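# Summary of the model geometry
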Amino acid sequence: MSAKKGDWVQIHRIELKPSERSSNLPQDTQSVPLEVWQKGFATHDAIMGDEIEIETVIGRKAKGELVKVNPEYEHNFGKPVAELLTIGAELRKILGGEENE
Amino acid sequence: MNSDMSYDAVMNRKNEIMKNAVGIDYNDFESGSIAFEYEKMMKEVGYTLNEIREIQSYTSVGNTPLIELRNLTKIARMISAPGKGARIFIKDEAANPSGSFKDRRASVSAYRAKALGYEGIIAATSGNYGAAVASQAAINGLKCIVVQEVFDSKGKGQPEILEKGRKCEALGAEVVQLTVGPELFYTSLCLLEKTGYFNASLYTPFAISGIETLGYELAEQVKTRTGKEPTAVIITHAGGGNVTGTARGLLKAGCKNTKVIGASVNLEGLHMASDRDFNRKSFTTGHTGFGVPFATWPDRTDVPRNAARPLRYLDRYVTVSQGEVFYITEALAQLEGMERGPAGNTSLAAAFAIAQEMNEDEIIVVQETEYTGAGKLPSAQLTFAKLMGIEVRRGDPADDKPGERIVIPEHPSQIRVKDMDLDKMKRSYVKNCVTAYSKSKIRPEDITFLAEDTKSDVNYIKNTLDELAP
């Protein structure tokens, strides 16, 4: 997959390698790099995984590895959660004074 | 510009970068010891309450409705001792332009940035504050960058934070997303230096004085509606700004007897900078991982002297569990018709329990709600928690274990608060001050300052210092 100049894309880069990070971190965090993701318009054509330059929505330039073209929002409302589904009815029952009937 | 962008080099330039980025010379308020002139700083750097009301009214911030939660009050009365069960009110801060009380904080910083001629504004936050800064920047014609801690090292992100990032982008901000770690601050310093933008820190006098209107408004609304002052106001506590600003506003409205109660979600045992723990919590703010360290050491922030000083105002500090907050979030939607949260619902869960200790003719106010939607709902957060291997079940929330188990109450009577030891936190704060600032003998003005900063007295501080002495 590739991006054309002007496409809305997401880039990724390593901001700090593990050895460059703050020395005051828990072990699990210390052993991994600090990574960054940014979005913007590609200023040139590029292939996935290549370094690419983007112009962000406020006109700043940034560089990184091209990881997504047209990155979409994937978070959602979640699945129905059984542990929550009956709470409303239970409370209405209490409110109506039927709890001990 | 300085070319050494290594972590240590940038952190060493912190004070210089901040001075340029907030336009405050904190040396003006320093006395060279523990004490500094807090009220002078708030007065000289900030704005008066009336000025802030004017600034906020220009961008439609504030004047949010105060809503009485009659059904929740009724249930609280049904399960408490006869004559108990205070009236519960909530301040619907979701009605602000970006959907939370954070607009109050952002409005003053954005106004200031524009007045001083900055081209743009930067905020380092994974919370609603980013959206608030983005919104205020949009209205004021400023460029905006929001720096967020979003992903663990596997690239997995909490739905709530992903939603907050989307919202910032929707409001025209550039969002810089990072993996877990306190170097969020390093990244934002690099950006401030590179762009010359204004730092919309959460901890400047601008950010705190912006919240004073919230405390002031709710006091006025309660007085108009009930003819009384609020007996207690309960505030979700994270970095301390919400408590500080609201309490100062209450005092400015003359409510000297109103109890100021902080509430946080208990996340004991989870390390906030841990890559593993990051996605094992279901609350991204309003929890003890911020609440405790910021209360016992407020000057840990991005600015030399934090204007948010919660111990100065708190009468009580309680915690609730994640499961209890999810339960009350459902209750608010199903009984009061308000789908909100999660942050303000932390204090709502606590208010529901505390109302049962209070008399029927007393009034407890939950001082915020926030917008909700995809990613921010209990269903989204619990779906994610289950995916991360967290057990979710109904039961007694006393069995809740952060990072392992979320227990949703089976009955409203199981919602309880746990009191934090404020005395211990005050002593811990005094100890931190002595370690950080006191190079020589502690002076009388330091003792007076510490007494004010912990809402205690000179004897309490003297005794605490005696105990600390080797």
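Thresholds applied
Residues numbered from 1 in each chain as written. Chains lettered and ligands numbered in written order. Predicted model: local features only at pLDDT ≥ 70, side-chain atom pairs only at ≥ 80, totals over all residues. Heavy atoms only, no water. UniProt positions renumbered as here; feature names shortened; annotations may be inferred. Helix = DSSP H or I, 4+ residues; strand = E, 2+ residues; numbered from the N terminus. Rg over C-alpha atoms; globule rule 2.2 N^0.38 Å. Buried < 20%, exposed > 50% of the residue type's maximum accessible area, 1.4 Å probe, protein only. Contact = heavy atoms within 4.5 Å. Pairing = 2+ DSSP bridges. Polar contact = N/O pair within 3.5 Å; in protein donor to acceptor, adjacent residues only side chain to side chain. Domains from an automatic or database assignment. Buried area = accessible area lost by both parts, 1.4 Å probe. Salt bridge = Lys/Arg side-chain N within 4 Å of Asp/Glu carboxyl O. Axes fitted to C-alpha atoms, helices over the stretch in contact; angles between N-to-C directions. Core = buried A, V, L, I, M, F, W, Y, C linked by side-chain atoms within 4.5 Å. 1 Å grid on protein atoms, 1.4 Å probe; cavity = no way out; pocket = protein on both sides within 12 Å on 5 of 7 lines; lining within 4 Å. Points joined across faces, edges and corners; volume = space filled by probe spheres on them. Nonpolar A, V, L, I, M, F, W, Y, C, P; charged D, E, K, R; others polar.

Chain B goes by Cysteine synthase in an unreviewed UniProt entry, where it is assigned to Tepidanaerobacter syntrophicus. What the UniProt record of chain B gives under Cofactor (unreviewed entry) is the line "pyridoxal 5'-phosphate".

Below, the discussion takes up the overall build of chain A. Helix and strand content of chain A: 3 helices and 6 strands. Each helix (α) and strand (β) of chain A, taken in turn from the N terminus, gives the series β-β-α-β-β-β-β-α-α. Over its C-alpha trace chain A gives a radius of gyration of 24 Å, far above what one expects of a compact globule, namely 13 Å for 101 residues. Summarising its shape, the C-alpha atoms of chain A cover approximately 70 × 40 × 25 Å along the three principal directions. The buried share of chain A, taken over its 101 residues, is 41%. Contacts in chain A between residues far apart in sequence, at least 24 positions, make up 50% of those at least 6 positions apart.

Moving on to the overall build of chain B. The secondary structure content of chain B amounts to 18 helices and 13 strands. For the C-alpha atoms alone, the extent of chain B along its principal axes is close to 65 × 50 × 50 Å. Counting only residues that meet the buried cut, chain B has 66% of its 470 residues in that class. Long-range contacts, defined here as pairs at least 24 residues apart, represent 77% of the contacts in chain B between residues at least 6 apart.

Residue and element names in this part refer to chain A. Looking at chain direction, strand β2 (residues 8-16) and strand β3 (residues 34-42) are connected through 8 bridges and run antiparallel. When the sheet's bridge partners are listed, I14 is paired in β3 with E35. Note that β2 and strand β6 (residues 61-69) share 4 bridges and pair antiparallel. Residue pairing for β6: I11 is matched across the bridge by L66.

All names here are of chain B. With respect to the helices and strands, T454 occurs in the loop between α17 (444-453) and α18 (458-468). Overall, T454 belongs to the buried group, its relative accessible area being 0%. A polar contact of 2.6 Å, which involves the side chain of T454, links it to the backbone oxygen of L450. At 2.7 Å, the side chain of T454 forms a polar contact with the side chain of S456. Those residues in contact with T454, other than ones at most four positions away along the chain, are L311, R312, K426, Y429, V430 and I461.

Below, the discussion takes up the domain arrangement of chain B. All names here are of chain B. Domain annotation of chain B identifies domain 1 (55-98 + 205-419) and domain 2 (422-468). Contacts between the two partners involve 17 residues from domain 1 and, on the opposite side, 14 residues from domain 2. Carbon and sulfur atoms supply 60% of the area buried between domain 1 and domain 2, which totals about 1300 Å² over both sides. Taken as a group, W297, L311 and R312 account for 48% of the area that domain 1 buries against domain 2, more than any other trio of residues on that side. For R312, the salt bridge goes to D453, with nearest N and O atoms at 2.5 Å.

Turning to the sheet that holds strand β2 (residues 87-91) of chain B, a few remarks are in order. Residue and element names in this part refer to chain B. Taking strand neighbours across the sheet as the criterion, the 7 strands line up as β1-β2-β10-β7-β8-β9-β13 in an open arrangement whose pairing is mixed. At either end of the open sheet lies a strand with only one pairing partner, and these are β1 (66-68) and β13 (418-419). Each of β2, β7 (232-236), β8 (259-265), β9 (316-320) and β10 (363-366) is contacted by helix α14 (residues 343-355), which is oriented at about 145 degrees to β7, the strand it contacts most.

Take the pattern of salt bridges next. In a structure, side chains of opposite charge can pair up when their charged atoms sit close to one another. All names here are of chain B. Applying the stated criterion across every chain, the model contains 39 salt bridges over all chains. Across the pair K252 and E212 runs a salt bridge, and its minimum N-O distance is 2.7 Å. In this pair, K252 is assigned in helix α11 (residues 241-252) and E212 in helix α10 (residues 205-226), connecting sequence segments 40 residues apart. A relative accessible area of 41% means that K252 is categorised as partly exposed. For E212, a relative accessible area of 1% translates into the label buried. A salt bridge links D396 to R416, with the nearest nitrogen and oxygen atoms 3.0 Å apart. With D396 in the loop between β11 (391-395) and β12 (405-409) and R416 in the loop between β12 and β13, this pair connects stretches of sequence that are 20 residues apart. A residue is classified by how much of its surface remains accessible, and D396, at 25% relative accessible area, is partly exposed. Judged by its relative accessible area of 39%, R416 is partly exposed. Here the salt bridges do not stand alone but share partners, grouping E30, D299, R305, R309, R312, E452 and D453 into one network.

Further remarks concern the UniProt feature "domain: Tryptophan synthase beta chain-like PALP" (unreviewed entry) in chain B. Listed under "domain: Tryptophan synthase beta chain-like PALP" (unreviewed entry) in the UniProt record, and renumbered for this structure, are residues 60-366 of chain B. With 43% helix and 17% strand, the stretch residues 60-366 of chain B has end C-alpha atoms that lie 21 Å from each other.

Moving on, we come to the environment of E83 of chain A. Following the sequence through the fold, E83 of chain A ends up in helix α2 (residues 82-85). Among all residues touching E83 of chain A, those that are not within four sequence positions of it are K386, V392, R393, R394 and I408 of chain B. Within polar-contact distance, the side chain of E83 of chain A engages the side chain of K386 of chain B at 3.0 Å.

A few words now on the nonpolar core. All names here are of chain B. Membership of the largest hydrophobic core comes to 77 residues, with the highest contact counts inside it found for M41 and I121. No other element matches α10, which puts 6 residues into this core. Taken domain by domain, this core gets at least three of its residues from each of domain 1 (55-98 + 205-419) and domain 2 (422-468). M41 has contacts with Y26, F29, F36, G46, P205, R305 and A307, leaving out every residue within four places of it along the chain.

Reported here for the second largest pocket is a volume of approximately 720 Å³. Split into classes, the residues belonging to the lining of the second largest pocket amount to 12 nonpolar, 9 polar and 8 charged.

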